[in-house]
Each structure stands twice: as structure tokens, then as C-alpha cells.
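Coordinate inspection notes
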Amino acid sequence: MLQITTIRQQPEEIVARLKIKNFDAATHVQSIVALDEQRRELQSRLDETLANANRLAKSIGDLYKAGKADEASRQKEESAALKNTSKTLGEELDATVKKLNDILLLLPNLPNESVPAGKAEADNEIVATGGTLPEKNPTALPHWDLIKKYNIIDFDLGNKVTGAGFPFYRGQGARLQRALINFFLDQGIAAGYLEYQPPLLVNEDSAYGTGQLPDKDGQMYYAPVDKLYLIPTAEVPITNIYRDVLLREEDLPIKNVAYSNCFRREAGSWGAHVRGLNRLHQFDKVEIVQIRTPEESYQALEEMREYVAGLLVELELPYRIVRLCGGDLSFTSALTYDFEVFSSAQERWLEVSSVSNFESFQANRMKLRYKTKEGRTQLAHTLNGSALALPRIVAALLENNQTDDGIRIPKALQAYTGFEMITLG
RNA sequence: GGAGAGGUGGCCGAGUGGUCGAAGGCGCACGCCUGGAAAGUGUGUGUACGUCACAAGCGUACCGAGGGUUCGAAUCCCUCUCUCUCCGCCA
């Protein structure tokens, strides 16, 4: 959520910046400015009325004590009138605040200066590449065939027991999952992140805090009996640790890492390119989250980018990093780097990580603040990134490392899997 | 799930209708004291909103959340929620 003071002070600037995200904010901003004006007016009048009522109450008490009951009951009538006024003003104020807030929630975060304009994927900017692309192999099998051949991931079984997009991992497939999770967590810990194991269901406040609601309502699984949402990413519980928290500057930076299952309904996004592991309703991901001062947050974003790139190097996967254009940028993000690995049999780049700086957008929603060394209270910046999401990593590993003898496991992972090859039988 | 007890400031803890944003203590900050430190001592120490220069000052709200009674509520009533204890159930 954007800060009301920013909108109040530079409404045109906001509208202009949001155009980069292809978001027309003109009407919203206009309403916000008007409602904000109204809100402050009502607040002043209400405060004044309450101040008068407080004065009267005190006076009535004194009069009773002095035995002047007549004068007291006359003032009581006055007080009753004030009470009516304050009740009306209070209701108007609440309604105005609610209206204002509802519109504020609809405004996406401002894009960073460096975000290129653009409508979609094609306008993203490739900022780095790494690893070597495998040679073209016409006989290479896509991962959905490989998993059947080696009998390591079973979609049919998932289909029977749960539904589409909920596969079973089996044998060396399950082992590979576990290896990747542990590898990613250990790397994170080595890089100074604190490991967390979060709840997989969160309440409504948390879903609002990180911005999944109201923007992505319908994309999360929901347990209505208990009013809980299944998390689409560990970002939600991990960042919400700091909801309504006032940190001290010495507490920063905060760097957390967490593994979790992730649940996504993916309503309406099923299509031709989502075979096999490319898109699932439940998948595994290790997430890194940082809380930073505004001064340091972009430096932190670069650190995180380096860190994620390092993981892909260890896994010996060819990758590229793209800076998302305005149109592709998420609702909450100011700047996002997507990481894509090349999947040789599909001959496609698969997104395996998204590293973002949300600046104070989430912090403002969550009231995540910190006290500076000078004693000023201000909003912190939040960042997060996948490090990494498993299914597409697995897809790329399987496709890129297939040999006549089996599927080669990258060296860095072998200590975790306990085997060097995925083999038949 | 049943019964009981309770949620007060960074922490502990007083406070059962007005003088309470809230005693006292701890912690913290700054000063005094000291060769230095400890001890001692003095002062200060919440958040949000409004006014305003995102200053001071002033005003308003906040004692788990939301409603109610009252001229006036941390204090009384109702609902919800969370924690603790006992019982039940259970990985």
C-alpha cells in the first residue's frame, strides 16, 4: 500500500509512475486525495467535539462534588447534544476511512526508476546469463517422459488421490526433492539467513499484509470453516512475522530462509505450456526474505540476485536473469528479477525464481516499522526471492542431464542425494 | 470439546467509576558522582491521528478486539478472541 502522505503530496507523479505498470490510477488518486481531505476535516471536527465533551464531563463531576446538582443536570443536556454530534461524526469518519482504505488497497506499488516500460514478457530486459547451453539433442526426452521412464514422479497417482497438479514423488524422485530442499536451506544458512519452518495456513490479516488479498483473491486455497488460507509461498508467513512490529535499526538487516510447500489454485492459467512439472497446485520452494532500511534495500536486492545465481551455478544449470518490465511486474513489487533456466528437451526458458524489492509497500500494509538511530520511526523495506522453486529445477535437471546410462546428478547435490545417477529399476 | 482463571506500557506489576496514558520496579537514554567502573543519584523514556514545518506545543484515541451502560470506564454489562490450569480426545 502506498503511503497516503506521498499521494497527497505528489498525486500527478504517482499517476505517471503507475503508467509504467500499465495501470491507470487517475480516478483512484483523485478519489484518494478528496477522501483524505474529507477524512482530516472530519477528524478535526470530531476531536474538537470530544474535547468539549471531556471538558463538560470534568465540569459535571466538579459541580456534583460542590453540590450544585441543578447546574450539573443542565450541563448534562449539553453533553448529550455533543454525544449525538460525535456519534454522527464518528460514523462519517469511519465510513470515509473505509472508503479511502478500500481504494488505497487497489493501487499497485510504484515501479523503480530502472523498470523498463512494456506490456508483457517480450519487453523484459535480459540483464545477465550464466552457464552453457546444452547441445541440441533431437532424441532428448521431455521431463514428463523421463519421470515415467525412471518411475520417479507419478501424476496419475496424484490425479487419483487428489487431482491434477498434485503429483507423488517416489524413490529417487522423492530423494532428489529432499536433497534439493536440504541443499537450498544449507546454502541459505551459510549465507547468513536464519532458518524458519512456518505454518502452511495463514489468517486473513496475513494474506492482506503481504498483498495477496485483495489482489489475488481466488488464487489461494481457502479453508472457510477456520477462515484460513493455504500459503502460496513462504513469503506470506515469514514476512508477516513482522506485521505490527516496531524494530530497532540495530535489529536490521533481518535475513530469513524457509522451506515450505506452496499451494496455488492457478485458476484460469492452465494451458499448453504447463505440462508435467511446469505448473502444479502444490509444490516445494525455499524462500529467502529480508527486512532492510530504505537506504540498503537495493543493495540487498543485488546481494540476493548474486546469491540465487550462485545456486544455479552450483547446480550447473544454464540460466538467464531478466528485469521485469512494468507490465509484467507484480502488484506489490517495485523491481523484480526473474531467473530462468534452460530446459533442453522443451527448448524453453523456465522461471525458477523471482527476486523482488517491495520497498515500503508491504511494510505500510503490515505496519512494519523501525526506529532509526536518531529515534525517528519509519517504514522498513521488505524483499524476498525464491531460492529456489523445485519443480522446474527438477524438470531442467532431468532434461539437461539425461544420458544413455541415466540422469546425472550435479556434483554439489550428490552428497545430499547419496547417488550420482538416477537409474532404471 | 467441557470446566475454571486471566489478558494493563519493552518487561514485571499496581490500579473496581472521575484527579489514569495509567503508581512502583526492572530495562533503556542522557547527566551528576568516580582516576575508570560498579554502587548511588537526578531527569527523561509508548503508538497513531489531527493542527503544524514529518519541530515544539496543543487536541483526540488507544489498558486483547468489537459493541453497550454512564455526564464520565482500564475499572460495570454483552459478544468475540487469545493464553494458562484441570478433564476429555489425539499425531
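Remember, it's a predicted structure, so these values are computed and weren't measured experimentally.

Regarding the pairing of strand S13 (residues 348-357)
Across 9 bridges, strand S12 (residues 335-343) lies against S13 in antiparallel orientation. Across the sheet, residue Val 341 finds its bridge partner in S13, namely Leu 350. In sequence, S12 turns back onto S13 through a hairpin of 4 residues, with Glu 347 there showing a positive phi of about 50°. Pairing analysis gives 3 bridges linking S13 to strand S16 (residues 381-389), with the strands arranged antiparallel. By the bridge assignment, Val 355 is partnered in S16 with Gly 385.

Thoughts on the side chain of Asn 261
The residue Asn 261 is located in strand S9 (residues 254-263) in this model. Owing to a relative accessible area of 17%, Asn 261 belongs among the buried residues under this scheme. A polar atom in the side chain of Asn 261 sits 3.4 Å from the side chain of Tyr 259. Excluding residues within four positions of it along the chain, Asn 261 makes contact with Leu 200, Ile 231, Gln 282, Phe 283 and Asp 284.

A look at the environment of Gly 326
In this fold, Gly 326 is placed in the loop between strand S11 (319-323) and S12. On the accessibility criterion, Gly 326 (1% relative accessible area) is buried. Distance from Gly 326 to Pro 116, taken between C-alpha atoms, is 6.1 Å for residues 210 residues apart in sequence. Ignoring anything within four residues of it in the chain, the contact list for Gly 326 reads Ile 20, Lys 21, Val 115, Pro 116, Ala 117 and Gly 118.

A short note on the protein's contact with RNA strand B
Around RNA strand B, the structure places 19 residues, and the nearest of them are Arg 39, Ser 44, Asp 47, Ser 79 and Lys 371. Take the atoms of RNA strand B that sit within 4 Å of the protein: sugar and phosphate atoms are 74% of them. Measuring from a phosphate oxygen of RNA strand B, one finds a side-chain N or O atom of Asn 54 at 3.2 Å. At 3.0 Å, a side-chain N or O of Arg 369 approaches a phosphate oxygen of RNA strand B. Listing elements by their share of the surface near RNA strand B, those giving two or more residues are helix H3 (26-65), helix H4 (69-104) and strand S14 (369-371). Of the residues forming the surface near RNA strand B, the biggest block, 11 residues, is contributed by H3. A breakdown of the residues in the surface near RNA strand B according to their chemical character gives 4 nonpolar, 6 polar and 9 charged.

Some words on the domain arrangement of chain A
As a measure of interface size, the accessible area lost when the parts come together is often cited. By the assigned domains, chain A splits into domain 1 (4-104) and domain 2 (121-422). Computed from C-alpha atoms alone, the centre-to-centre distance between domain 1 and domain 2 is 44 Å.

With respect to the sheet that holds strand S7 (residues 228-230)
Ordered in space as S5-S7-S6, the 3 strands form an open sheet in which the pairing is antiparallel. On the outer flanks of this sheet lie strand S5 (201-202) and strand S6 (222-223), each paired with one strand and no other. One ladder, built from 2 bridges, connects S5 with S7; its direction is antiparallel. Bridge pairing in S7 places Leu 201 opposite Leu 230.

Quick look at the confidence of the model for chain A
Of the residues in chain A, 99% reach a pLDDT of 70 or more, and the chain-wide mean stands at 92. Looking at the elements of chain A, mean pLDDT is at its lowest for strand S8 (residues 246-248), recorded as 86, and at its highest for helix H7 (residues 172-190), recorded as 98. Note on the complex model: pTM 0.92, ipTM 0.88.

What about the sheet that holds strand S10 (residues 282-292)?
As summarised here, the arrangement of the 8 strands in space is S1-S11-S12-S13-S16-S10-S9-S4, forming an open sheet in which the pairing is mixed. The outermost strands of the open sheet, each flanked by one partner alone, are strand S1 (125-130) and strand S4 (194-196). Strand after strand, the sheet turns through a mean of 25° between neighbouring axes, direction not considered. Docked against the sheet, H7 engages S4, S9, S10 and S16, running at close to 5° with respect to S10.

Observations regarding a negative patch on the surface
Among the surface-exposed residues, Glu 121, Asp 123, Asp 328 and Glu 351 lie close enough to one another that they form a single negatively charged patch. Its place among the elements puts Asp 123 in the loop between H4 and S1. Judged by its relative accessible area of 35%, Asp 123 is partly exposed.

Conventions used here
Residues numbered from 1 in each chain as written. Chains lettered and ligands numbered in written order. Predicted model: local features only at pLDDT ≥ 70, side-chain atom pairs only at ≥ 80, totals over all residues. Heavy atoms only, no water. Pairing = 2+ DSSP bridges. Helix = DSSP H or I, 4+ residues; strand = E, 2+ residues; numbered from the N terminus. Buried < 20%, exposed > 50% of the residue type's maximum accessible area, 1.4 Å probe, protein only. Polar contact = N/O pair within 3.5 Å; in protein donor to acceptor, adjacent residues only side chain to side chain. Contact = heavy atoms within 4.5 Å. Near = heavy atom within 4 Å. Nonpolar A, V, L, I, M, F, W, Y, C, P; charged D, E, K, R; others polar. Domains from an automatic or database assignment. pLDDT = per-residue confidence, 0-100. Axes fitted to C-alpha atoms, helices over the stretch in contact; angles between N-to-C directions. Patch = residues over 30% accessible without salt bridge, like charges linked within 9 Å, V, L, I, M, F, W, Y side chains within 5 Å. Areas by Shrake-Rupley, 256 points an atom, 1.4 Å probe, with all protein chains shown as cover. Salt bridge = Lys/Arg side-chain N within 4 Å of Asp/Glu carboxyl O. Lys, Arg positive; Asp, Glu negative; His and termini not counted. Charge placed at Lys NZ, Arg CZ, Asp CG, Glu CD.

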